[in-house]
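# Structural characterization, general
Spelled out, the chains give:
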Amino acid sequence: MTIEPLGKDASASRLTPMTSRRSANLSFTPRSSTCDASSLTLVAATPDAAPDLWSRYVDGAWASYSRHGVTVALDIDEVASGATTSVFYVVLGEDGTMLGGVRAQGPYTVVEQSHVLTEWENSPGLDIVTAQLQARLPQGIVEMKSAWVGNGGSGRVVSGLLARTALPTLHLVGARYLFASAADHVLRQWEASGGRIDTSVPAAAYPSDQYRTRMMWWDRQTIAREARAEVWAAMQLDAMVLNGPSDYSSAVA
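This write-up is about the structure you can find in this document. All values derive from a computational prediction rather than experimental measurement. (Residues numbered from 1 in each chain as written. Predicted model: local features only at pLDDT ≥ 70, side-chain atom pairs only at ≥ 80, totals over all residues. Heavy atoms only, no water.)

### Focus on the packing of helix 6 (residues 166-173) against helix 9 (residues 229-243)
- Running from N to C, helix 6 and helix 9 point in directions that differ by 40°, and their axes come no closer than 8 Å. Judged on the interaxial angle alone, helix 9 and helix 6 are oblique. Handedness of the helix 6/helix 9 crossing: right-handed. Taking contact as the criterion, the partners of Leu167, Pro168, His171 and Leu172 in helix 6 are, on helix 9, Trp232, Met235, Gln236, Ala239, Leu242 and Asn243.
- Here the contact of helix 6 with helix 9 is built from residues that sort into seven nonpolar, three polar and no charged. (Axes fitted to C-alpha atoms, helices over the stretch in contact; angles between N-to-C directions. Helix = DSSP H or I, 4+ residues; strand = E, 2+ residues; numbered from the N terminus. Parallel < 35°, antiparallel > 145°, perpendicular 65-115°, else oblique. Left-handed = near helix turned anticlockwise from the far one by under 90°. Contact = heavy atoms within 4.5 Å. Nonpolar A, V, L, I, M, F, W, Y, C, P; charged D, E, K, R; others polar.)

### Some points on the packing of aromatic side chains
- Summed over all chains, the structure comprises seven aromatic pairs.
- Between the aromatic rings of Tyr177 and Trp217, the centroid separation amounts to 6.0 Å while the plane-to-plane angle is 85°, which identifies the pairing as edge-to-face. Pair noted here: Tyr177 is in strand 6 (residues 177-183) and Trp217 is in strand 8 (residues 213-219), with a separation of 40 residues, a long-range link. Here the two residues Tyr177 and Trp217 agree in accessibility, since each one is buried.
- Three or more aromatic residues joined by ring pairs form one cluster here, namely Trp54, Tyr57, Phe88 and Trp148.
- The ring of Phe28 carries Arg31 above its face, with NZ or CZ at 3.8 Å from the centroid.
- Directly above the aromatic system of Trp217 lies the positively charged group of Arg136, at a separation of 4.2 Å from the ring centroid. (Phe/Tyr/Trp six-rings, centres within 6.5 Å; stacked < 30°, edge-to-face > 60°. Buried < 20%, exposed > 50% of the residue type's maximum accessible area, 1.4 Å probe, protein only. Lys NZ or Arg CZ within 6 Å of the ring centre and 35° of its normal.)

### Quick look at the pairing of strand 5 (residues 141-149)
- Counting buried positions along strand 5 gives eight out of nine residues, so the element sits mostly inside the fold.
- Taken together, the five bridges between strand 4 (residues 98-105) and strand 5 define a ladder with antiparallel strand orientation. Across the sheet, the residue bridging to Ala104 is Met144, located in strand 5.
- Both strand 5 and strand 6 contribute to a ladder of three bridges, which runs parallel. From the neighbouring strand, Val142 faces strand 6, where its bridge partner is Leu178. (Pairing = 2+ DSSP bridges.)

### Brief notes about the nonpolar core
- In terms of nonpolar packing, the biggest core is built from 57 residues, with Leu53, Tyr57, Tyr89, Val90, Trp190 and Trp218 touching the most fellow members.
- Not counting chain neighbours up to four residues away, the residues in contact with Val90 comprise Thr41, Leu42, Val43, Leu53, Tyr57, Met98, Gly100 and Gly101.
- By size, the runner-up hydrophobic cluster in this structure holds 16 residues, among which are Tyr108, Leu117, Phe179 and Val201. (Core = buried A, V, L, I, M, F, W, Y, C linked by side-chain atoms within 4.5 Å.)

### Points about the side chain of Thr213
- Of note, Thr213 is situated in strand 8.
- A distance of 2.7 Å separates a polar side-chain atom of Thr213 from the backbone oxygen of Tyr206. (Polar contact = N/O pair within 3.5 Å; in protein donor to acceptor, adjacent residues only side chain to side chain.)

### Side note on helix 4 (residues 126-136)
- Restricting attention to buried positions, one finds in helix 4 the residues Val129, Gln132 and Leu133. Across the axial projection of helix 4, the buried residues extend over an arc of 100°, all falling on one side. Facing away from the buried side of helix 4 by more than 90 degrees, the exposed set consists of Asp127 and Ala135. (Arc of directions from axis to C-beta.)

### Regarding the environment of Leu162
- Tracing the backbone shows Leu162 in helix 5 (residues 155-163).
- Between the alpha carbons of Leu162 and Leu42 there is a distance of 8.1 Å; along the sequence they are 120 residues apart.
- Those residues in contact with Leu162 that lie beyond four places of it in its chain are Val91, Gly100, Gly101, Val102, Trp148 and Val149.

### Here's the deal with the environment of Leu126
- Secondary-structure assignment places Leu126 in helix 4.
- Judged by its relative accessible area of 28%, Leu126 is partly exposed.
- Here Leu126 is in contact with Leu117, Trp120 and Glu121, once residues within four sequence places are set aside.

Written out as structure tokens, the structure is:
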């Protein structure tokens, strides 16, 4: 979930999502899960079925990433169109304020669809990253992208809720593996949801030499035992609300 600010000189809210090239032609209007003990709501939708919510997500991401000065990390036309987004999630406060969000790409059909190849192209470890993507591709890989947290709430709480989207995403798109890239301190927060930093991959100097981006994997077969118990319970509830009743055990369907 590398910081990827959304925007060049155009307002993202004026861009209309195109039909997404997503798994099984996913398309659904917003589905909400009220988060325990936080008065926050986690919402899932697809860009084409929720254009207003999608535009708010894009605008919020652009504002957040602009504050960090890393706007070079995103192709605004591709992202804002919604064409590569399978599903996206946002966190809303009690008053409806959008506090953060993240989107999923995939499952991929070729490894070249992944943005991490760009992130590691000028850093050691590109061969390792490529080999890992190739090895996991047949069982389904999906990438979480463009995560952002605004200033209107607790950053750690919102980030933790976004990390909980791993389970519903894996089941929604039918993939075994989910991965993301971000700064080490951010990924440490996400370990509670069952993700693990890949220590075999050297940190990448991306989007500039000031940053150290790491890679994290979630595995649908091990996420139940790798996640913190209370987070796993919350993720299962989220998945049931957002996806419908199912077997959310660690076994691959």
